[in-house]
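Geometric and topological summary
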Amino acid sequence: MNTSKEDFLAAPSSRWKDSPILLALWHDGHGDWSSAHDQVDHLGGKSAARVHAYLHRKEGDQWNADYWYAQAGEKRPAHGLQEEWEELFERFFPGK
C-alpha cells in the first residue's frame, strides 16, 4: 500500500478512527489543531509523545513541545513544520 499524503488527507476521517496518531495527523493536515491535540493528549507512549511534541511546536509553545520531544526520546527538529508533518506521516503511516 503506497498512499500519498494527498490520498491520506482526501480520505474521510473515519478511515483513521482506529489510529489516534493517524487521526491526529489527519486533523492537523486539515487545519484542526484542537482535534489533532485531543487525539494524542491522553495517550502514553513515545509515538503519541512525538506527535504531541509536533503539535505544541506548531502551536508556538516551545517549552511544552521540548518536554514532549524529550518524552519521545528525540530533539526538536531544525527544519520547518511542514517537513516535520511529512516525516511523521512517513513514520506512522502503515505501508510507507
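Here, every reference points to the structure presented above.
Residues numbered from 1 in each chain as written. Predicted model: local features only at pLDDT ≥ 70, side-chain atom pairs only at ≥ 80, totals over all residues. Heavy atoms only, no water.

**A word on helix α3 (residues 33–40)**
Helical geometry: 3.6 residues make up each α-helical turn, so side chains three or four residues apart lie on a common side. Note the cut-off: Three labels apply to residues, based on accessible area from a 1.4 Å probe with only protein chains included: buried if under 20% of the type maximum, exposed if over 50%, partly exposed otherwise in between. Secondary structure elements follow DSSP: runs of H or I no shorter than four residues count as helices, runs of E no shorter than two count as strands, and numbering proceeds from the N terminus. Throughout, the arc means that of the directions going from the helix axis to the C-beta atoms. Two residues qualify as a contact provided that any one of their heavy atoms is within 4.5 Å of a heavy atom in the partner residue.
Regarding α3, the residues found buried are Ala36, His37 and Val40. Here the buried residues of α3 occupy an arc of 95° about the axis, which is enough to place them on one side. On its buried face, α3 sits against α2 (20–29) and α4 (46–59).

**Considerations on the pattern of salt bridges**
As a working rule, side chains carrying opposite charge can pair if their charged atoms are close by. Selection rule: Here a salt bridge means any side-chain nitrogen of Lys or Arg lying within 4 Å of a carboxyl oxygen belonging to Asp or Glu.
Using the criterion set out here, one finds eight salt bridges in the structure. The residue glutamate 86 makes a salt bridge to lysine 5 at a minimum N-O spacing of 2.4 Å. In this pair, glutamate 86 sits in helix α6 (residues 81–92) while lysine 5 sits in helix α1 (residues 5–10), placing the two residues 81 residues apart along the sequence. The class for glutamate 86 is partly exposed, based on a relative accessible area of 30%. Accessibility expressed as a relative area gives 26% for lysine 5, which makes it partly exposed.

**Points about helix α5 (residues 62–72)**
The set of residues buried in α5 consists of Asn64, Ala65, Trp68, Tyr69 and Ala72. For α5, the angular spread of buried residues about the axis comes to 140°, placing them on one side. Turned more than 90 degrees away from the buried face of α5 sit Trp63 and Ala70, all of them exposed. Where α5 is buried, its residues contact α4 and α6.

**Thoughts on the side chain of asparagine 64**
How we decide: For the purposes of these results, a polar contact is taken to be a pair of N or O atoms within 3.5 Å, where, inside protein, one atom must be able to donate a hydrogen and its partner to accept one; residues adjacent in sequence count only when each atom of the pair is a side-chain atom.
Mapping asparagine 64 onto the fold places it in helix α5. A distance of 3.4 Å separates a polar atom in the side chain of asparagine 64 from a polar atom in the side chain of histidine 56.

**Digging into the environment of histidine 27**
Assignment of secondary structure puts histidine 27 in helix α2. Given a relative accessible area of 14%, histidine 27 falls into the buried group.

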